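# Results of the structural survey
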Amino acid sequence: QVLQVLLVSVLVLVSFGTLASCSSCCCWLPQPLSVAVCGSAPLGSSRGFRIVGGQDAAAGAWPWQVSLHQDSHICGGSLISHQWVLSAAHCFQSTVASNLIVYLGRLTQQSPNPNEESRRVSRVITHPDYDEETKDNDVALLQLQEAVTFTDYIRPVCLAAAGSVFPAGQSSWITGWGDVLSSLFSCPGPLPFPQTLQEVEIPVVSESQCSASHGSITGNMICAGLAEGGRDSCQGDSGGPMVSNDGTRWVQSGIVSFGFECARPDYPGVYARVSRYQNWISEQIDADPPATFFLSTSSCKDMKIKAQQ
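Figured I'd write up the structure that's included with this text. (Residues numbered from 1 in each chain as written. Predicted model: local features only at pLDDT ≥ 70, side-chain atom pairs only at ≥ 80, totals over all residues. Heavy atoms only, no water.)

Below, the discussion takes up the overall build of the protein chain. For the protein chain, the count of helices and strands is four helices and 18 strands. Here the protein chain, with 309 residues, has 53% of them falling under the buried criterion. (Helix = DSSP H or I, 4+ residues; strand = E, 2+ residues; numbered from the N terminus. Buried < 20%, exposed > 50% of the residue type's maximum accessible area, 1.4 Å probe, protein only.)

So this is what it looks like as structure tokens:
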């Protein structure tokens, strides 16, 4: 009888896409392909102490990164499922969905990209409570006209689930094709030819420290940067992902939102906090759910996966 109960419990868990086999850190079930590949970058280069203050990324290093074009690159974004991209609401205040093109698997803006796919956008959904002045709820979803097939160069990122914790000092990475600085106090300028995707590592900054700098931080925001400046997102990086690695998967904690100039000392960049939008994202795209929401905490043993079926 006990065995029967255990078997029924396992069947119930499998049917709802929860727990199946566990390691010391994370627990997975057989899942749809999008869940199985989310947050993995099989071609990712080894990264050390390395967008302002960053370096060229390798092809396939960040396979969820997308480039949004309206005639030319305007913003970044992240692929979260076969047919949906996550970005920032402020990127789309004066755009028409049919004029947008999403480039996936792209490495450079000015050279051939043999691993690239492009898709038109069928609709843009900005958060209904987006505040243009404060940039609160700076979140948007883009539905692609056609689904994409996942490859080593094109695959979704995992999303931080509600309740996820990214403590001050946590290592994070930002990526994009935005402006760069030739020196700390110079004016931002476009990436030099061939405009290769940039990557840079920055630590999360506490809400109190960030509020002391910007004065208008809400619980829907997360901040990251160095006190001495020098590494940051900049114009053109908006909408792109900030991610952290738990040891096995990359989880998106933030969306590039705003800052004071670029890479200034004592002014960390501000990002929309992805974990605050699990319900809203799920409600918008229930026909094609994101790869997964991943509950991230400050210690690996406390991490669990919450897949949206």
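Right, let's get into the sheet that holds strand E9 (residues 140-144). Pairing between the strands of a sheet is mediated by backbone hydrogen bonds and can be parallel or antiparallel. Sheet architecture is closed into a barrel: six strands sit in the order E4-E5-E6-E9-E8-E7, paired in antiparallel fashion. Between one strand axis and the next, the sheet turns through 45 degrees on average, direction left out of account. Here strand E5 (residues 72-79) pairs with strand E6 (residues 84-87) via two bridges, running antiparallel. Each bridged residue has a counterpart across the sheet, and for Ser78 the counterpart in E6 is Leu86. (Pairing = 2+ DSSP bridges. Axes fitted to C-alpha atoms, helices over the stretch in contact; angles between N-to-C directions.)

Attention now goes to the nonpolar core. Membership of the largest hydrophobic core comes to 52 residues, with the highest contact counts inside it found for Trp62, Leu79, Ile80, Leu86, Val102, Leu141 and Ile281. It is E9 that provides the largest number of residues to this core, a total of four residues. The residues contacting Val102, other than those within four sequence positions of it, are Val66, Ser67, Leu68, Val85, Glu117, Ser118, Arg119, Val121, Leu142 and Leu144. (Core = buried A, V, L, I, M, F, W, Y, C linked by side-chain atoms within 4.5 Å. Contact = heavy atoms within 4.5 Å.)

Turning our eyes to something else, we now look at the state of the cysteines. Under the criterion given, the structure shown has four disulfides. Note on cysteine connectivity: Cys38 is disulfide-linked to Cys158, with sulfurs 2.0 Å apart. Disulfide Cys38-Cys158: torsion about the S-S bond near 85 degrees, hence right-handed. Covalent S-S linkage joins Cys234 and Cys262, the inter-sulfur distance amounting to 2.0 Å. Handedness of the Cys234-Cys262 disulfide follows from its S-S torsion of about 85 degrees: it is right-handed. Within this pair, whereas Cys234 is found in the loop between strand E13 (221-224) and strand E14 (241-245), its partner Cys262 is found in the loop between strand E15 (250-258) and strand E16 (269-273), the two being separated by 28 residues in sequence. The exposure class of Cys234 is buried, given its relative accessible area of 6%. (Disulfide = S-S within 2.5 Å.)

In this chain, Phe193 is followed by Pro194 through a cis amide linkage whose omega measures 5 degrees. Within the secondary structure, Pro194 sits in the loop between strand E11 (171-176) and strand E12 (198-205). Although it is not a glycine, Lys135 sits at a positive phi angle of roughly 65 degrees. Structurally, Lys135 is set in the loop between strand E8 (117-126) and E9.

Our focus in this paragraph is the environment of Gln284. Looking at the secondary structure, you find Gln284 in helix H4 (residues 278-284). In this structure, Gln284 is in contact with Trp84, Arg123, Ile125 and Leu141, ignoring residues within four places of it in sequence.

What follows covers empty space enclosed by the protein. Here the largest cavity is characterised by a volume of approximately 30 Å³. Forming the boundary of the largest cavity are Gly225, Leu226, Gly229, Arg231, Asp232, Ala263, Arg264, Tyr267 and Pro268. Residue composition of the lining of the largest cavity, by class: four nonpolar, two polar and three charged. (1 Å grid on protein atoms, 1.4 Å probe; cavity = no way out; pocket = protein on both sides within 12 Å on 5 of 7 lines; lining within 4 Å. Points joined across faces, edges and corners; volume = space filled by probe spheres on them. Nonpolar A, V, L, I, M, F, W, Y, C, P; charged D, E, K, R; others polar.)

Turning next to the pairing of E6. What you see with E6 is no split at all: Trp84 and Leu86 on one side and Val85 and Ser87 on the other are buried throughout. Where E5 hands over to E6, the hairpin turn is made up of four residues, counted between the paired strands. Alignment of E6 against E9, held across four bridges, turns out to be antiparallel. Note that in E9 the partner of Trp84 across the bridge is Gln143.

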